[in-house]
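# Coordinates in review
Spelled out from the first residue to the last, the chains are:
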Amino acid sequence: MNILITGGAGFIGSHVVRLFVTKYPHYRIVNLDALTYAGNLENLSDVEHAPNYIFERGNILDAPFLQGLFEKYQFDGVIHLAAESHVDRSIANPMAFVETNVMGTVQLLNAARNAWKDNMKGKRYYHVSTDEVYGSLGEEGYFTEETRYDPRSPYSASKAASDHFVRAYWHTYQLPVVLSNCSNNYGPNHFPEKLIPLVINNIREGKPLPIYGDGKYTRDWLWVKDHASAIDVIFHNGRKGETYNIGGNNEWKNIDLVQQLCDIVDELLGRPQGSARQLITFVADRPGHDRRYAIDASKLRDELGWEPSIRFEEGFRQTVQWYLEHEEWLRHVITGAYQAYYAEQYRSEK
Ligand code: NAD
Ligand code: DAU
């Protein structure tokens, strides 16, 4: 099989690329990535010379480029992860999200449709989406695949729009699509403007740990390699036109999660317990902040037999260890552009 993976230099994409390159040596994996601020080829340094791996730098908004790529590699499958993915950035600049997440997705759908329109047999188009399209939960309940869409940030609205286009291409053109909506991922190679790596990095640097609002916002955290394994299962065995929710069954309030992180980092750095917790600082809330996400992943479990492989305590500790052992990776990604973003996003906390 020739498989196109978009966004493979990003956080989740790099884990998906690694899994496919190593698990399927007989597949050719082409990673298409624009290398925005979030894309980093260092994430893939261990597989970059694999004989079945090719990197192509390009933008999913570039229709002629996409057409050329489909002609060159004759793809059998697409796994689409490329996106603008950070809610806070979407609040500051929604247009980039409309462009990449909505228009870019439609350009990619068009490229696949044009290349495959005479013979869709054996083809597969996988769209990777988020649980944020379902909106916000109260204290009770879970998102199922039937939950009504209710996106509330420019990011989730753009992902919701892209999901609708993917389903429209299935209904209208019979493009053989499959979709998944996943909860929050954690693990190695996470860009440090998202909560967990940001907190680990700030503890290292002795900087305040910004907690939005009352800190009681709840997320369902999944080990990123388990997301990659779910994508593998769904790509190969998911039913055409179907959607699968992916989650960790692992809810944490932000403040509890950050306190846990503080204690593990203190322990691993040999600092007195409690010192990192002193850095916790409550800051202004994120506008339109969704209160709680929680996924019901029983369809994926019952139909395709997927379940998370790792206990959170283990994955969380491994994650902290990874960041503490990869100072060079961290140093490279927190360059000038990161500092500028950070200064703007947290300017009232300086
Ligand atoms: P990320 O921001 O770490 O990576 C995104 C990648 O896409 C980067 O490598 C970037 O260079 C690339 N990219 C951005 N715009 C592009 C464009 N126009 N053309 C080509 N490449 C472009 O994102 P992530 O956290 O790895 O998320 C990957 C996907 O998974 C996204 O679609 C996101 O919505 C979804 N998702 C993320 C999470 C999560 O917790 N991070 C959870 C559920 C779903
Ligand atoms: O649910 C899936 C989504 O999870 C993905 O679709 C997104 O791509 C991904 O970025 C993530 O979105 P969140 O907004 O949940 O992730 P983030 O790490 O930005 O924030 C997690 C929680 O922590 C959220 O409630 C906001 C809060 N937070 C975040 C930051 C950056 C803080 O309290 N302080 C912070 O400085």
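Just above sits the structure.
Residues numbered from 1 in each chain as written. Chains lettered and ligands numbered in written order. Predicted model: local features only at pLDDT ≥ 70, side-chain atom pairs only at ≥ 80, totals over all residues. Heavy atoms only, no water.

## A closer look at the site of ligand 1
Threshold: In this text, near means that some heavy atom of the residue lies within 4 Å of the molecule or strand in question. Two N or O atoms count as a polar contact when they lie within 3.5 Å, although within protein this holds only if one can serve as hydrogen donor and the other as acceptor, and sequence-adjacent residues are included solely when both atoms are side-chain atoms. The Shrake-Rupley method, run with a 1.4 Å probe, gives the accessible areas here. Residue values count only the displayed protein chains as cover. The helix count covers DSSP runs of H or I at least four residues long, the strand count covers runs of E at least two residues long, and both are numbered beginning at the N terminus.
Taken together, 29 residues are adjacent to ligand 1, and Ile12, Asp33, Ser85, Tyr155 and Lys159 come closest. Contacts to ligand 1 include Ile12, whose backbone N or O atom sits 2.8 Å from an oxygen atom. A distance of 3.1 Å separates a nitrogen atom of ligand 1 from a polar backbone atom of Ala34. Within the complex, 96% of the 830 Å² of free accessible area of ligand 1 lies under protein. Mapped onto the shell around ligand 1, the elements with two or more residues apiece are helix H1 (11-23), strand S5 (124-130), helix H5 (154-173) and strand S7 (184-186). Counting residues per element, the shell around ligand 1 draws most heavily on S5, which supplies 3 residues.

## Examining the packing of aromatic side chains
Where we set the bar: When two rings of Phe, Tyr or Trp (its six-membered ring) have centres within 6.5 Å they constitute a pair, described as stacked for plane angles under 30 degrees, edge-to-face for angles over 60, and tilted for the intermediate range. Here the term buried applies to any residue with accessible area under 20% of the maximum for its type, exposed to any over 50%, and partly exposed to those in between, with areas from a 1.4 Å probe on protein chains only.
Evaluation of the coordinates by the stated rule reveals 24 aromatic pairs. A centroid spacing of 6.2 Å and a plane angle of 70° characterise the contact between Phe70 and Trp116, whose relative ring orientation is edge-to-face. Of this pair, Phe70 sits in helix H2 (residues 63-73) while Trp116 sits in helix H4 (residues 94-116), placing them 46 residues apart in sequence. Classification of Phe70 as buried rests on a relative accessible area of 4%. Taking relative accessible area as the criterion, Trp116 reaches 1% and is therefore assigned buried. Ring geometry for Tyr212 against Tyr346: centres 6.4 Å apart, planes inclined by 25°, an arrangement best described as stacked. Taken together, the residues span a long stretch of sequence, with Tyr212 in strand S8 (residues 209-212) and Tyr346 in the segment after helix H12 (336-345) at a distance of 134 residues.

## Thoughts on the sheet that holds strand S9 (residues 218-223)
The strands making up a sheet associate through hydrogen bonds between their backbones, and the pairing can be parallel or antiparallel. Definition in use: Should DSSP find at least two bridges between two strands, the strands are taken to pair. Lines fitted to the C-alpha atoms define the axes, with helices restricted to the stretch that makes contact. Angles between their N-to-C directions range from 0 to 180 degrees.
Taken in spatial order, the 3 strands make up an open sheet running S7-S9-S11, and their pairing is mixed. Here the strands that pair on one side only, and so sit at the sheet edges, are S7 and strand S11 (251-253). Strand-to-strand twist of the sheet, defined as the mean angle between neighbouring strand axes without regard to direction, takes the value 50°. Relative to S9, S7 is paired through 3 bridges, and the arrangement is parallel. Paired with Tyr186 across the two strands is Trp223, which belongs to S9.

## Notes on the sheet that holds strand S1 (residues 2-6)
Where we set the bar: A contact between two residues is defined here by any heavy atoms of the two lying within 4.5 Å.
Taken in spatial order, the 7 strands line up as S3-S2-S1-S4-S5-S6-S10 in an open sheet, and their pairing is parallel. Edge positions in the open sheet fall to strand S3 (53-57) and strand S10 (243-246), since each of these has one partner strand only. On average, each strand axis in the sheet is inclined to that of its neighbour by 20°, with strand direction left out of account. As paired elements, strand S6 (residues 177-182) and S10 share 4 bridges and run parallel to each other. Residue pairing for S10: Ser180 is matched across the bridge by Tyr244. Most of the contacts of H4 go to S5, to which it runs at about 165°, and overall it touches S1, strand S4 (77-80) and S5. Along the sheet face, H5 touches S5, S6 and S10 and points at about 155° away from the line of S5.

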